[in-house]
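Reading the structure
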2 protein chains.
Amino acid sequence: MTDLRAPLASDAEVAALRHRIRRGEHTAHTSGLAAGRVQGNLVVLPEAQAFDFLRFCQRNPRPCPLLAVSEPGSPRVPLLGADIDLRTDLPGYRVWRDGELAEERADIGALWRDDLVAFVLGCSFSFEEALLQSGIALRHVACGANVAMYRTSIPTVAAGPFAGPMVVSMRPLKPADAIRAVQITSRFPGVHGAPVHIGLPQAIGIADLARPDFGDPVPVLDDELPVFWACGVTPQSVVMASRPPFCITHSPGAMLVTDLLNDRLAAF
Amino acid sequence: MTDLRAPLASDAEVAALRHRIRRGEHTAHTSGLAAGRVQGNLVVLPEAQAFDFLRFCQRNPRPCPLLAVSEPGSPRVPLLGADIDLRTDLPGYRVWRDGELAEERADIGALWRDDLVAFVLGCSFSFEEALLQSGIALRHVACGANVAMYRTSIPTVAAGPFAGPMVVSMRPLKPADAIRAVQITSRFPGVHGAPVHIGLPQAIGIADLARPDFGDPVPVLDDELPVFWACGVTPQSVVMASRPPFCITHSPGAMLVTDLLNDRLAAF
């Protein structure tokens, strides 16, 4: 049997990984790296949109679990790691202008401005690690595929210009594992928390599980239920729909690796 | 034995109570009213300070558990109750100018402005109800006293001008009840969550339990431990220390009664 418990990455290993990323020596995704450490989604907005976006996150904690918000103009989030510099410490960035993808970059030092505010949001890597450590197999991980993601009919709660449907990720699980997964992920409200739906995709506006809106299709077997969690694609989709003049996000899968231990996010 | 389980207040009873408050017919505190419903602290700030304060709350969820943030200029928080009007629906308000108490009022309709943002924060009534329902007696409740509150040496995480020490509330509990209280209040991260400290007041800068900084002294018996929770006085104390030009809060104990069920705040 595969050993699902990777040893916890040491402080030195986390720092070394982040420094390799900073020097441009690691430009790929961060999935499976820095075991036991929280990884985060990045959204950077001008201060003119930042208060609206922060209210949006406060109202929608399941899809938008905030780990940290920088001071305006600061690329630092000291609670997630004393040395983190958000301008260089992610493997890749996407730059958006008026809601359209303008370019991908390896660092954003040249684009940083005094009015930018950075938001770091929790991602599903944290709760997936907790599920794997409990012996719950995740098919997309086993297949090396992206998780399947869907736009739903579940509305978010609007704030300022930010509004739109919730995006969810789906993992097929046997009923007993689905129950256990509710228990396990309920411990982690800071990284999406408990599922938002189980078992009836039509009830949340998903017509065909075989055709995800993002990611890869993952088969659901006859003895399994599809289990749906709120997804960090939601804030990105909501922000772009509002067409802000300027925005920066991480490139898909290229997350911020923080010092924070996943276990520290457990509510109990 | 006293029946500690008050029947859940019905929707109609909650609406009727809020309407009595709105008409000025109930001007006293709200402790013990609207059983099973979430009550909230109120902080109203101009938009110029609101983004800083929202970041402060995001960084300090234990003392500042945000239930809702209004749109700028709106006195409504529809997620807490469709008909709530924050200008009239609390029994009493305090108006602060440059961080000094300027006046107490029964409503704030005449003071409302297009740039005001309202913050509703969870309060300990919610988790105290859960403790009482589990058969854990709370001495200050039994005595009809205010809970004892202390300034500590625990720092909060600053945001903009907002910084300062955490204020905690203390409840004396037998060790077995203290353990159970950790379990019970961990379910409610939205209303202060688990204790921040148990047993050693000196370790958090409290020199004399008999002399609280706020509220009433409550004796700790020889077979009890003092158990400390982050307290909603923290945000008020931090805001006033920054001397904002204008601020409105609830009067002590005169909370916003919401439609929300306490049980809805349970993370699991």
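Rules and cut-offs
Residues numbered from 1 in each chain as written. Chains lettered and ligands numbered in written order. Predicted model: local features only at pLDDT ≥ 70, side-chain atom pairs only at ≥ 80, totals over all residues. Helix = DSSP H or I, 4+ residues; strand = E, 2+ residues; numbered from the N terminus. Rg over C-alpha atoms; globule rule 2.2 N^0.38 Å. Buried ≥ 20, exposed ≤ 12 C-beta atoms within 10 Å, placed from the backbone. Contact = placed C-beta atoms within 7 Å. Pairing = 2+ DSSP bridges. Least-squares fit on C-alpha atoms with pLDDT ≥ 70 in both. Axes fitted to C-alpha atoms, helices over the stretch in contact; angles between N-to-C directions. Domains from an automatic or database assignment. Nonpolar A, V, L, I, M, F, W, Y, C, P; charged D, E, K, R; others polar. Core = buried A, V, L, I, M, F, W, Y, C linked by C-beta atoms within 7 Å. Expected span 1.5 Å × (residues − 1). Arc of directions from axis to C-beta. pLDDT = per-residue confidence, 0-100. Parallel < 35°, antiparallel > 145°, perpendicular 65-115°, else oblique. Left-handed = near helix turned anticlockwise from the far one by under 90°.

1. Digging into the overall build of chain A
Of regular secondary structure, chain A possesses six helices and eleven strands. Relative to a compact globule of 268 residues, whose C-alpha radius of gyration would be 18 Å, chain A shows 18 Å and is just as compact. Projecting the C-alpha coordinates of chain A onto the three principal axes gives extents of approximately 55 × 40 × 35 Å. Counting the 268 residues in chain A, one finds 44% classified as buried. A separation of at least 24 residues holds for 79% of the contacts in chain A among residues at least 6 apart in sequence.

2. Observations regarding the environment of A:Ala203
On the secondary structure map, A:Ala203 appears in the loop between strand 8 (197–198) and strand 9 (225–230). Each C-alpha atom, one on A:Ala203 and one on A:Gly36, is 35 Å from the other, the two residues being 167 residues apart in sequence.

3. Quick notes on the environment of A:Asp213
Topologically, A:Asp213 is positioned in the loop between strand 8 and strand 9. Taking the number of C-beta atoms within 10 Å as the measure of exposure, A:Asp213 has 14 and is therefore partly exposed.

4. Side note on the pairing of strand 11 (residues 256–261) of chain B
Residues and elements named next belong to chain B. Burial analysis of strand 11 places five of its six residues in the buried class, which makes it a mostly covered element. Across three bridges, the pairing between strand 1 (residues 37–46) and strand 11 is antiparallel. Its bridge partner being in strand 11, Arg-37 is matched across the sheet by Leu-261.

5. A look at the relation of the copies chain B and chain A
Aligned on chain A, chain B shows an RMSD of 0.0 Å; the corresponding rotation is 180° and the shift along the axis is 0.0 Å. Both copies are brought into coincidence by an operation consistent with a two-fold rotation axis. Taking C-alpha positions as reference, the residue of chain B nearest the rotation axis is B:Phe51, located at 2.7 Å. Of the residues that chain B buries at the interface, 100% are likewise interface residues in chain A, meaning the two copies contact each other through the same surface.

6. Things to note about the sheet that holds strand 9 (residues 225–230) of chain B
Residues and elements named next belong to chain B. A sheet is described by the order of its strands in space; here four strands give the open sequence 6-7-9-8, paired in antiparallel fashion. Where the open sheet ends on each side, the last strands, each with one partner, are strand 6 (148–155) and strand 8 (197–198). Taken together, the two bridges between strand 8 and strand 9 define a ladder with antiparallel strand orientation. Counted as the bridge partner of Ile-198 is Val-227 from strand 9. Sitting on the sheet, helix 5 (residues 175–186) touches strand 7 (165–173), strand 8 and strand 9, and the angle it makes with strand 9 is about 15°. The strands that helix 6 (residues 233–241) touches are strand 6, strand 7 and strand 9; relative to strand 7, the one it contacts most, it runs at about 155°.

7. Some points on the pairing of strand 4 (residues 100–105) of chain A
All names here are of chain A. Burial runs low along strand 4: only zero of the six residues are buried. Taken together, the five bridges between strand 3 (residues 93–97) and strand 4 define a ladder with antiparallel strand orientation. Its bridge partner being in strand 4, Arg-97 is matched across the sheet by Glu-100.

8. Some thoughts on the sheet that holds strand 7 (residues 165–173) of chain A
Residue and element names in this part refer to chain A. In space, the four strands of this open sheet follow the order 6-7-9-8, with antiparallel pairing throughout. Two strands in the sheet have a free side with no partner beyond their single neighbour: strand 6 (148–155) and strand 8. Across the sheet, helix 5 (residues 175–186) lies against strand 7, strand 8 and strand 9, angled at about 15° from strand 9, the strand it touches most. Contacts from helix 6 (residues 233–241) reach strand 6, strand 7 and strand 9, with the element oriented near 155° to strand 7.

9. A look at the domain arrangement of chain A
Many descriptions give the size of an interface as the accessible area lost when the pieces come together. Residue and element names in this part refer to chain A. With domains assigned, chain A is organised as domain 1 (11–123 + 243–265) and domain 2 (125–235). Between domain 1 and domain 2, the C-alpha centre-to-centre distance is 22 Å. Those elements that provide at least two residues to the side of domain 1 that touches domain 2 are strand 1 (37–46), helix 2 (47–59) and strand 5 (116–122). Residues belonging to the side of domain 1 that touches domain 2 are distributed by class as follows: 13 nonpolar, six polar and four charged.

10. Focus: the nonpolar core
Grouped together as the largest cluster of nonpolar side chains are 134 residues, with contacts concentrated most on A:Phe119, A:Val168, B:Phe119 and B:Val168. When sequence neighbours within four positions are dropped, the list of residues in contact with A:Phe119 reads A:Val43, A:Phe53, A:Cys57, A:Leu66 and A:Val69.

11. Details of helix 5 of chain A
Residues and elements named next belong to chain A. Between its first and last C-alpha atoms helix 5 spans 17 Å; for twelve residues at 1.5 Å apiece the expected length is 16 Å, and the two agree. Buried residues of helix 5: Asp-177, Ala-181 and Thr-185, and no others. Here the buried residues of helix 5 occupy an arc of 60° about the axis, which is enough to place them on one side. Of the exposed residues in helix 5, the ones pointing more than 90 degrees away from its buried face are Ala-176 and Gln-183. Packing partners of the buried residues in helix 5 comprise helix 3 (125–133), strand 7 and strand 9.

12. Remarks on helix 6 of chain B
Given 3.6 residues to a turn, an α-helix orients residues that are three or four positions apart in the same direction. The buried count for helix 6 of chain B comes to seven of nine residues, which makes it a mostly enclosed element. Taken as a whole, helix 6 of chain B has its buried residues at B:Val233, B:Thr234, B:Pro235, B:Gln236, B:Ser237, B:Val238 and B:Val239.

13. Considerations on the interface of chain B and chain A
The partner chain A presents 14 residues to the 14 residues of chain B that form the contact. Elements with a contribution of two residues or more to the side of chain B that touches chain A: helix 2 (47–59) and strand 2 (66–69) of chain B. Residue composition of the side of chain B that touches chain A, grouped by class: ten nonpolar, two polar and two charged.

14. Here we look at the confidence of the model for chain A
Averaged over every residue, the pLDDT of chain A is 95; residues scoring 70 or more account for 98%. Interface predicted TM-score (ipTM) for the complex: 0.89; the corresponding pTM is 0.93.

15. Quick look at unusual backbone geometry
All names here are of chain B. Of note, Ala-34 is a non-glycine position whose phi angle comes to about 55°, a positive value. Notably, Asp-98 is not glycine yet its phi reads approximately 50°, a positive angle. With 11 C-beta atoms packed within 10 Å, Asp-98 lands in the exposed category.

16. A closer look at the packing of helix 2 of chain A against helix 2 of chain B
What describes two packed helices is the angle between their axes and the distance between those same axes. Interhelical geometry of helix 2 of chain A versus helix 2 of chain B gives an angle of 45° and a closest axis separation of 10 Å. In terms of orientation, helix 2 of chain A lies oblique with respect to helix 2 of chain B. In this structure, the crossing between helix 2 of chain A and helix 2 of chain B has a hand that is left-handed. Between helix 2 of chain A and helix 2 of chain B, the residues in contact are A:Ala50, A:Phe51 and A:Leu54 and B:Ala50, B:Phe51 and B:Leu54, respectively. Here the residues of the contact of helix 2 of chain A with helix 2 of chain B are counted per class, giving six nonpolar, no polar and no charged.

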